[in-house]
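Coordinates in review
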Amino acid sequence: DFYDMRLLAVSRAALVRLARAPAAVAPLRVQPMSTWSSARPGMSLAKLPARKPRELVPYGHSAPGQRVQAFATAEEYDLAALQSAVLRDNYQFCLLKLPDDLKGDVVRISERPTASDGAVPPEAFIFSQGVVVSWNMSDETISHLRDLLRPAQCRPYDPELVGLEREVVPYELGDGPSRLDNGRILLCSLDDDTFLDRFAFSDGLALSVRLAMFESRLQDYAEQMEGFPLALSSGTKLAISASEVQRRIGELLMLRHRINLVSDQSDFYWDRPTAEQLYRRTCRFLDVAARREALNQRLTYCAELAELLRTILSEKQGRKLEWYIIFLIAVEVVFGLVNQIEKFI
C-alpha cells in the first residue's frame, strides 16, 4: 500500500510539472533570414564580400607579355612523390635548390634550358598546401606540369574550380629593388641570387589562392544551409538529422582551423626582412587580411546557425523522451489503480 501511494504521488507531481512547463519555458523565436543580415552589418549567408578587381585570364588563354600564374589543384601535395616524378621526367623539368628551412614545404622547379643565349628558363614554386605559382610558363608547359602533379595530389579540386580561382599578375624587369607597383611586379633581376624576391611574391599569391578555395567551399556550405532559416521562420519541419548537424559543425571547425593555420606567416621571413616586406605588400594588395576576417565572420555566423539547429533538434528529442516517461508512469498508475480497486472488490 505504501508503494502504491508513493507511486501515485510521484505520477501526480510529474503530470503537474509537465502541465506547467510551457508556461515556464519561453518559446524559441527565430528571426527570418532577412533580419539576420541587418543584425550583423556586412554579413550575408549567400554572398561573400567582393574581392579587389584584377584582370584574370581564363585557363587555357595566355596573357600578353610576362606573367605570374597561381592556381591550386588539390588540398595538399606529396612533395616527395612530386620530386621523384620530376627526377624521372628528364625531358622538361629539373629541380632547383632551396634554403634548408623551406625543404618539405616548397619544391622549386624550372624548365630545362634549351637556348644557348643564356636566357633564364621559366620556373615554378610548388607549395605543399596544393598551390602552384609559375613564372612565365606557357599554357602547354603548365598543362604538362599538371599531368606531372596528378599522382602527388591529395584530395584534388574540381577542374572547373581550378580554372576559376586563379591569380594572374604581370611582371617585368625594372630599375631599383623588386617591388609591387599598381598591380604589376617589378623585378630587379631574374638571376638565381634574387630568387627570394620571386618566392616572396609567390608565397603571397599562393595564400590568396588558398583563401579563394576556402571562400568557394564556404559558399557551397552556406548555400546548403540557406534553406534552414526560412524553414524555421515559416514553421516548416526541419529535414535534417542530429548526426547531420553534428557533421556540418565538424566541417566548419575543420575549415576554420585550416584557414587560420594556412594564413599564419611562416617563420622563414623572420631573418629576411626584404623578402618579408615583399610578402606583406603582396598580401595587402590581394586583401588577404580582410578576406580572412570576412571568412572567419561568416564561419562564426554559419556555426551559430548549425548550433541553433542542434539545440532545436535536442529539445525535440528531449520532449519525445519526456512523453515516453510520462506514458510509462501512466501505465504504472493504471496498474496501481487496478490493484487498489481489486482490493476493495
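Summary of the structure given here. Just so you know, these numbers come straight off a predicted model, no measurement behind them.

1. Some details on the pattern of salt bridges
In this structure the tally under the stated criterion is 16 salt bridges. A salt bridge links Arg 198 to Glu 123; the shortest N-O distance between them is 2.3 Å. Residue Arg 198 is located in helix α6 (residues 195-225), and its partner Glu 123 is located in strand β5 (residues 123-127); the two are separated by 75 residues in the primary sequence. Take Arg 198 and Glu 123: they sit in the same class, and that class is buried. Among the ionic pairs, Asp 181 bridges to Arg 184, the shortest N-O distance being 3.8 Å. Accessibility expressed as a relative area gives 29% for Asp 181, which makes it partly exposed. Look at the salt bridges and you will find they share partners, linking Glu 75, Glu 76, Arg 155, Arg 217 and Arg 258 into a network.

2. Some remarks on the sheet that holds strand β10 (residues 184-187)
With mixed pairing, the eight strands of this open sheet are ordered in space as β3-β4-β5-β6-β1-β8-β10-β9. Either end of the sheet is taken by a strand with one partner, and the two such strands are β3 (93-95) and β9 (179-181). Recorded for the sheet is a direction-independent mean angle of 25° between the axes of neighbouring strands. Contacts from helix α4 (residues 139-149) reach β1 (67-72), β3, β4 (106-111), β5 and β6 (131-135) within the one sheet, and its direction differs from that of β1 by about 30°.

3. Details of the environment of Ala 70
In this structure, Ala 70 sits in strand β1. With 138 residues separating them in the primary sequence, Ala 70 and Ser 208 have C-alpha atoms 8.8 Å apart. Those residues within four positions of Ala 70 in sequence are excluded, and the remaining contacts are Val 132, Val 133, Arg 166, Glu 167, Leu 205 and Val 209.

4. What to know about the pairing of β10
When strand β8 (residues 167-173) meets β10, the two strands line up parallel, connected through three bridges. Considered in β10, the bridge of Tyr 171 is made with Ile 185. In this sheet, β10 lies alongside β9 in antiparallel orientation, the contact comprising three bridges. The residue of β10 that forms the bridge with Leu 180 is Ile 185.

5. Details of helix α3 (residues 79-88)
Taken residue by residue, α3 has Leu 79, Leu 82, Ala 85 and Val 86 as its buried positions. On an axial view of α3, the arc spanned by its buried residues comes to 115°, and they lie on one face. Facing away from the buried side of α3, by more than 90 degrees, are the exposed residues Ala 80, Leu 87 and Arg 88. In the core, the buried residues of α3 are packed alongside β2 (74-77), β3, β4, β5 and α4.

6. Notes on the packing of helix α7 (residues 227-234) against helix α10 (residues 288-344)
Between α7 and α10, whose axes approach to 11 Å, the crossing angle comes to 45°. Regarding the angle of α7 to α10, the classification is oblique. Of the two possible hands of crossing, α7 and α10 adopt the one that is left-handed. Facing Phe 228, Pro 229 and Leu 232 of α7, the residues of α10 in contact are Leu 305, Leu 308, Leu 309 and Ile 312. Looking at side-chain class alone, the contact of α7 with α10 contains seven nonpolar, no polar and no charged residues.

7. Structural notes on the nonpolar core
Formed by 77 residues in total, the largest nonpolar core has its most connected members in Ile 126, Val 133, Trp 135 and Leu 145. The element best represented in this core is α6, accounting for 14 residues. With near-sequence residues (within four places) excluded, Leu 145 lies in contact with Phe 93, Ile 109, Ala 124, Ile 126, Val 132 and Met 137.

8. Structural notes on the pairing of β6
Within β6, five of the five residues are buried, which leaves the element mostly enclosed by the surrounding structure. Here β1 pairs with β6 via five bridges, running antiparallel. Looking across to β6, one finds that Gln 69 is bridged to Ser 134. The pairing of β5 with β6 spans five bridges and is classified as antiparallel. From the neighbouring strand, Ala 124 faces β6, where its bridge partner is Ser 134. Two successive antiparallel strands, β5 and β6, enclose a turn made up of three residues, where Gly 130 displays a positive phi of approximately 90°.

Conventions adopted
By convention here, each chain's residues receive numbers from 1 onward along its written sequence. Totals for whole chains, interfaces and linings use every residue, but because this is a predicted model, local features are given only for residues with pLDDT of at least 70 and side-chain atom pairs only at 80 or more, for both listing and counting. Neither water nor hydrogens contribute to the side-chain values; these are computed over all heavy atoms in the structure. In the sections that follow, a salt bridge refers to a side-chain nitrogen of Lys or Arg positioned within 4 Å of a carboxyl oxygen of Asp or Glu. Runs of E in the DSSP output that reach at least two residues are strands. Runs of H or I that reach at least four are helices, and both are numbered from the N terminus. Each residue is placed in one exposure class: buried if its accessible area under a 1.4 Å probe, protein chains only, is under 20% of its type's maximum, exposed if it is over 50%, and partly exposed if it falls in between. Paired strands, as defined in this entry, are two strands with at least two bridges between them according to DSSP. Geometry is summarised by axes, namely lines fitted to C-alpha atoms with helices restricted to the contacting stretch, and by angles between N-to-C directions that run from 0 to 180 degrees. By definition in these notes, contact holds between two residues if any of their heavy atoms fall within 4.5 Å. Relevant arc is that of directions from the helix axis to the C-beta atoms, nothing else. Note on angle classes: values under 35 degrees are labelled roughly parallel, values over 145 roughly antiparallel, values of 65 to 115 roughly perpendicular, and the remainder oblique. Handedness of each helix crossing follows the sense of rotation of the near helix against the far helix: counterclockwise by less than a right angle gives left-handed, clockwise gives right-handed. In this classification, Asp, Glu, Lys and Arg are treated as charged, Ala, Val, Leu, Ile, Met, Phe, Trp, Tyr, Cys and Pro as nonpolar, and every other residue, Gly included, as polar. By nonpolar core is meant a set of buried Ala, Val, Leu, Ile, Met, Phe, Trp, Tyr and Cys residues that side-chain atoms within 4.5 Å join together.

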